[in-house]
Every structure is written in structure tokens, then in C-alpha cells.
Amino acid sequence: MTLRHLRLILWSAVGVALVAGSVLLWRASPGGPVPATRPDPGRPLAEGSRWQLLDERNQPFTPADLPGRPTVMVFGFTQCPDVCPTSLSYVANLLRSLGPRGEAIRPLFLTVDPERDTPAVMADYTDLFDPRIHGVTGAPDQMAAALKSLGIFSRKVPQDGGGYTMDHSATILLLDSSGRLRSTLDIHEEAEAAVRKVERLLAGPGAPG
Amino acid sequence: MKSILTAGAVLLAACALPATAETVRAGDLSIEQAWARATIPSAQTGAVYLTIRNGGAQPDRIVALEAPVAGHATPHETKQDGDVLRMAETGPLSIPAGGALEMKPGGTHIMLMDLKGGLKPGQSFPLTVTFERAGTLAVPVTVGRAGAMGPE
């Protein structure tokens, strides 16, 4: 065997290892929980989508209801004992920090578990945190369509013992009064930073930021 | 008669519970700040948080959990994977030698399942914790607001 042959064999082995490694990595990566479509910030959110949900007072809530007021949208479900109360507590504290300026904001809590979260349950649950936070639910197919158009991921996960929990997006959406997605919040962000983001929403659709 | 005696014992135990979170000790372990969040009356689930310090030279671990307010109680953990929040049962929780196990919102917690009538602010209940080494003890848990981020 010449040196040239040996080199060829070694490089081929490297090539095979690289391909095999990539395939393994690709297969090991968690199954695509990333929303398929990122909302276009230049257009009103869910523009052109058709879904009809119900707010906690049993009133219809459709894409046409997204514009009108600056809106803070939180996603979760009422049977979630740890992180959903943390998210709603974060929003309730944000509203308190804004004081009277917070009155212009519409805080919404959209369920990712419409099977269990009825409008009445959503009303009771959101009132525990701040009566200004309104719950939104709907028929499962309508809720799924709405979450998809808002770029929110959710998945039912069966638990030992028969019940289920929901994996879902953690992002809080900030919409200006024209219904455009202006920014997002993460509950790990400092309260001051969150207040500044919401103040930019309150400044109106034309304001920078 | 036996049921009256049992009811009496439970009542006495309930009265003996302090109104605020206190430190409970068992062997080398001390358990602090056991608290839970209020829920709606129809809630099936709740969460308890506590801190366990281990002053000893041996690690210990929680092998069983029980609370009269719930059908069962198991350790859970919330994890954020990119933008996605997931909650899953953890294995038995360990308390390292000379270290601590701290539970807090958004991380490790004890999930109460099949709640019997929800949890109200100001309520307290015993959480029975069985450790592999330190044995079994009742930890008084106080219920704070639904949006509480720590013991109140």
C-alpha cells in the first residue's frame, strides 16, 4: 500500500465519521419545538388568520380584537402550578409598577390547555393575580389555530398516573395598539427593563422601539 | 369512637401548626421556609417550595412525600429548553453532605396532585417528608398568595 492509498483511506474514514456524527446529532436533537413561522413585525399579528376564541366573559375574541389597545399576552394553563403563576405574578407586578399608566394596557392570559380551561376557570384563575388580567380560551381546534398564528408552541405530555401536562412557549408578547408585535418579554428580565418595554408600547405605534 | 379520636388527633395536630413558616430539624437536616401558593378552589394541582440544609457528612435523599390536602405529592422540575417550558417529575431529590436543596418558583418544587378543594391564602397543612437517613417528619407548610414568589 502506498502512502497515497493510506491517505485516501484515512480521509474517507474521516468523511464517514463526519456524516455519521451529523446524522446522530440531528437525530438526538429535541423534536422541533420551535414555532414554524416567526410573526412578521411589520404586519398586525395574526393578520389574515381566521379563528374565534372566547374571553373569560364568554365573549368572542378574534384576530380583529388584537388591535385597539397595547396588549401584553401571556401563555400557559391553569393546571400548571409552578411557572404559570410565576409568569402571571410577573405581569401583575409589572402592572403595579406602571401605576395609573398601566390602565391603558390590556393584559391577556391565553390558555394552551383549552380542554380543561373553561371561560369560568380562566376568570377565577386570572383574578387571583390581578382582576385586570383577562383569560382567553376556546374550542381546541380554534385555540390551536390561534396559537399557531401567534407563533406559540404547545404540546400535550402524558404523565404517569393518567393525567397530562403541557409544554409551551415561555415568551410574553407585547403588541402595540395597531396589533403589531413590538417586543417580547421573558420573566427573567429585570422589572425595570420590562417597564421600559411597556412604556414604549404605550408611546404608540409610530414611536421608535 | 376510633374515628372521633383520630379526628381529635388531627385537630390537635392542626392547632399545633405554627402560623408562619418555621425551621424543622431532623438529625443533620434542617428544613426552612416551607410555603405553597394559593389556587382556585377547583384546582387539581399546587406547588410547595422549601429549603433543606444538610449539616452532616452524609448525603440524604427524599424517598416519600405526603400531604393531607392532595392525593399525592411528587418532586417536579420546570426546565426551559430554548423558548419552551417543560415540567417533569424528577427522581428522588438529594441533599448533598454539607450542602442544601433549595426549591423556588421556576425550578425544583413539590407538585401536589389531586388537590382536595384547592389551597387558600393563610391556610397551613403538614407535608410529611420521609428521608432515607433522617427518617420521617411533618413540615408545616403555609399558603401564600397565588402570585407569591417566596414565603409570606
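Description of the structure in this document. Everything numeric here is computed off the predicted structure, so don't read it as measured data. (Residues numbered from 1 in each chain as written. Chains lettered and ligands numbered in written order. Predicted model: local features only at pLDDT ≥ 70, side-chain atom pairs only at ≥ 80, totals over all residues. Heavy atoms only, no water.)

1. Section: the overall build of chain A
Helix and strand content of chain A: five helices and nine strands. Traced from its N-terminal end to its C-terminal end, chain A shows the element sequence α-β-β-β-α-β-α-β-α-β-β-β-β-α. Counting over 209 residues, chain A shows a buried share of 47%. When contacts within chain A are restricted to residue pairs at least 6 apart in sequence, those whose partners lie at least 24 apart make up 69%. Accessible surface for chain A amounts to roughly 10,700 Å². Of this, 59% is attributable to carbon and sulfur atoms. (Helix = DSSP H or I, 4+ residues; strand = E, 2+ residues; numbered from the N terminus. Buried < 20%, exposed > 50% of the residue type's maximum accessible area, 1.4 Å probe, protein only. Contact = heavy atoms within 4.5 Å. Areas by Shrake-Rupley, 256 points an atom, 1.4 Å probe, with all protein chains shown as cover.)

2. Considering the sheet that holds strand β1 (residues 53-55) of chain A
All names here are of chain A. In space, the seven strands of this open sheet follow the order β2-β1-β5-β4-β3-β8-β9, with mixed pairing throughout. Two strands in the sheet have a free side with no partner beyond their single neighbour: β2 (60-61) and β9 (181-185). The sheet contact formed by strand β3 (residues 71-76) and strand β8 (residues 172-175) spans three bridges and is antiparallel. Residue pairing for β8: M73 is matched across the bridge by L173. Against the sheet, helix α3 (residues 119-127) contacts β1, β4 (106-111) and β5 (134-137), and its axis sits at roughly 155° relative to β5. (Pairing = 2+ DSSP bridges. Axes fitted to C-alpha atoms, helices over the stretch in contact; angles between N-to-C directions.)

3. A word on the nonpolar core
L150(A), L112(B) and F125(B) are the most contacted members of the largest nonpolar core, which has 89 residues in total. Ranked by residue count, the leading element in this core is helix α2 (residues 83-98) of chain A, at eight residues. (Core = buried A, V, L, I, M, F, W, Y, C linked by side-chain atoms within 4.5 Å.)

4. Overview of the interface of chain B and chain A
Each side of the interface is counted separately: chain B has 28 residues, and chain A has 27 residues. Regarding the contact of chain B and chain A, the summed buried area is about 2,200 Å², with carbon and sulfur atoms giving 53% of it. It is I40(B), D83(B) and L85(B) that lose the most area in chain B upon contact with chain A, and together they represent 28% of the buried surface on that side. The residue D167(A) makes a salt bridge to R86(B) at a minimum N-O spacing of 2.7 Å. For the interface between chain B and chain A, the tally reads 16 residue pairs in polar contact (both at pLDDT 80 or more). Across the side of chain B that touches chain A, the residue classes break down as twelve nonpolar, eleven polar and five charged. (Buried area = accessible area lost by both parts, 1.4 Å probe. Salt bridge = Lys/Arg side-chain N within 4 Å of Asp/Glu carboxyl O. Polar contact = N/O pair within 3.5 Å; in protein donor to acceptor, adjacent residues only side chain to side chain. Nonpolar A, V, L, I, M, F, W, Y, C, P; charged D, E, K, R; others polar.)

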